[in-house]
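Descriptive structure summary
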Amino acid sequence: MYAAPFEYHRASSVQEAVGLLQRYGDDAKLLAGGHSLLPVLKLRLSTIGHLIDIRRIEGLSGIREAGGEIVIGAATSHAALQHSQLLQQKLPILAEAAAQIGDPAVRNLGTIGGSLAHADPAADLPAVILALGSELRVEGPDGSRTIAADDCFTGLFSTALRPGEILTEIRVPVPTARTGTAYEKHAHPASGFAVVGIAAVLTAGTGNTIAQARIAVTGVGTAATRAGKAETMLMGQTPTPDLLQLAASKVPDGIAARGDLYAPPEFRAQLARVHAERALLRAWQRMR
Ligand code: FAD
């Protein structure tokens, strides 16, 4: 099926894109990689009068280190994340997760900003961004503001971005030296999306204890979320395989698991426990 006719605009700056969004309101959509938006338009699940292409805006893509943070432009492709040497050195979990998204065509066109703004409940990157304690910079008609990743994913395909706002960059604090990270995913055999994805970030304290644990889950509920109960169990503790398994068993607690033909809620919750244990064990090995 073809999308209903729309007018195409190629924005050359973030300000221009914000202005176009203001002018056309609900009748406009931003286009990044198009790998989530175009299927929606082609199936006519949504129709719009104006498509605002932000892919060619200078400075909206790229990965750099600045002031103890890794700064990632919203239009950076999944493939660029996957192959970035900076990420492989400083934030390997992000490169690792990006490598597991879809297939090469999806990774070459799809962008981190599109993935976070779309907030598909089965997307990989929201969990990673949450586990890394990131911040999202957005630009809108009232200027720019920052959204903590913890406050960003508010529900099914819903985020804290306000109408008219554009996500411009993702800022991730560079983890301290003794931090171990891992992303574990059960991919849907047909789509490649995460039936369950677990991002684990463990930071060592004195001795062999865990000073900080951040665990985030995607695929299970309507939105990516932290596994607070499991995190609390690990903080200040000396990890052992048994403790990690116990914490992993708590990961689905408090999340209303979704169900579909492939994975009913109980199976999803069990997948979360299994993948959380794998992610925690790998993060612990890397932390040591
Ligand atoms: P677009 O489709 O261009 O946009 C998506 C939405 O976000 C639109 O509403 C758009 O207006 C909005 N938007 C885009 N950029 C911004 C911005 N900077 N600020 C504000 N709003 C913005 N994803 C996974 O995580 N894991 C997978 O395994 C996976 N497999 C896939 C397999 C297939 C076959 C396909 C088609 C997609 C798959 N995806 C998967 C989704 C893919 O990662 C998409 O690229 C991503 O969800 C959206 O990014 P995009 O750049 O294509 O955004």
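Relevant structure appears above.
Residues numbered from 1 in each chain as written. Predicted model: local features only at pLDDT ≥ 70, side-chain atom pairs only at ≥ 80, totals over all residues. Heavy atoms only, no water.

As a matter of local geometry, the ligand sits amid 31 residues, with Leu30, Gly34, Leu37, Thr111 and Asp124 nearest to it. At 2.9 Å from an oxygen atom of the ligand is found a side-chain nitrogen or oxygen belonging to His78. Burial of the ligand by the protein chains amounts to 90% of its free accessible area of 970 Å². Of all the secondary structure elements, the ones that give two or more residues to the shell around the ligand are strand E2 (28–31), helix H7 (112–118) and strand E10 (166–173). A per-element tally of the shell around the ligand places H7 first, with four residues. Looking at the shell around the ligand residue by residue, the classes come out as 14 nonpolar, 14 polar and three charged. (Near = heavy atom within 4 Å. Polar contact = N/O pair within 3.5 Å; in protein donor to acceptor, adjacent residues only side chain to side chain. Areas by Shrake-Rupley, 256 points an atom, 1.4 Å probe, with all protein chains shown as cover. Helix = DSSP H or I, 4+ residues; strand = E, 2+ residues; numbered from the N terminus. Nonpolar A, V, L, I, M, F, W, Y, C, P; charged D, E, K, R; others polar.)

Within a sheet, adjacent strands bond to each other through the backbone by hydrogen bonds, running parallel or antiparallel. Spatially, the three strands line up as an open sheet ordered E1-E3-E2, and their pairing is parallel. Strands with a single pairing partner mark the edges of an open sheet, and in this sheet they are strand E1 (7–10) and E2. Sheet twist, expressed as the mean angle between neighbouring strand axes with direction ignored, is 25°. Note that E2 and strand E3 (residues 50–53) share four bridges and pair parallel. Counterpart to Ala28 in the pairing with E3 is His50. (Pairing = 2+ DSSP bridges. Axes fitted to C-alpha atoms, helices over the stretch in contact; angles between N-to-C directions.)

Scanning the model with the defined rule gives 16 salt bridges in all. With a shortest N-O distance of 2.7 Å, Glu96 and Arg282 are connected by a salt bridge. With Glu96 in helix H5 (residues 92–98) and Arg282 in helix H12 (residues 265–287), this pair connects stretches of sequence that are 186 residues apart. For Arg282, a relative accessible area of 25% gives the class partly exposed. Glu165 is the salt-bridge partner of Arg145, the closest N and O atoms lying 2.7 Å from each other. Of this pair, Arg145 sits in strand E7 (residues 143–148) while Glu165 sits in the loop between strand E9 (158–159) and E10, placing them 20 residues apart in sequence. Look at Arg145 and you get partly exposed, because its relative accessible area is 21%. Among the charged side chains, a network of salt bridges with common partners joins Arg64, Glu69, Glu169 and Arg171. (Salt bridge = Lys/Arg side-chain N within 4 Å of Asp/Glu carboxyl O. Buried < 20%, exposed > 50% of the residue type's maximum accessible area, 1.4 Å probe, protein only.)

Looking now at the sheet that holds strand E13 (residues 210–218). Read across the sheet, four strands follow the order E11-E12-E13-E14 without closing on themselves; strand pairing throughout is antiparallel. Where the open sheet ends on each side, the last strands, each with one partner, are strand E11 (179–187) and strand E14 (225–226). Here strand E12 (residues 194–204) pairs with E13 via eight bridges, running antiparallel. Bridge pairing in E13 places Gly197 opposite Thr218. On top of the sheet, H12 reaches E11, E12 and E13; it is set at about 150° to E11, its chief contact. (Contact = heavy atoms within 4.5 Å.)

Within the chain, Arg44 stands out as a residue other than glycine whose phi angle is a positive 60°. Relative to the assigned elements, Arg44 resides in the loop between helix H2 (37–42) and E3.

In this section: helix H11 (residues 241–249). What H11 keeps buried is the set Leu243, Leu244, Ala247 and Ala248. Relative to the axis of H11, the buried residues are bounded by an arc of 135° and lie together on one face. Buried residues in H11 make contact with helix H10 (228–234) and H12. (Arc of directions from axis to C-beta.)

All right, on to the environment of Ala149 then. Relative to the helices and strands, Ala149 is located in helix H9 (residues 149–152). Separated by 123 residues in sequence, Ala149 and Ala272 have C-alpha atoms that sit 21 Å apart. With residues near it in sequence (within four places) discarded, Ala149 still touches Ile129, Leu130, Ser134, Glu135 and Leu136.

What follows covers the environment of Thr232. Summarising the element assignment, Thr232 is placed in helix H10. The class for Thr232 is exposed, based on a relative accessible area of 58%. A C-alpha to C-alpha distance of 8.7 Å links Thr232 and Ala247, two positions 15 residues apart in sequence.

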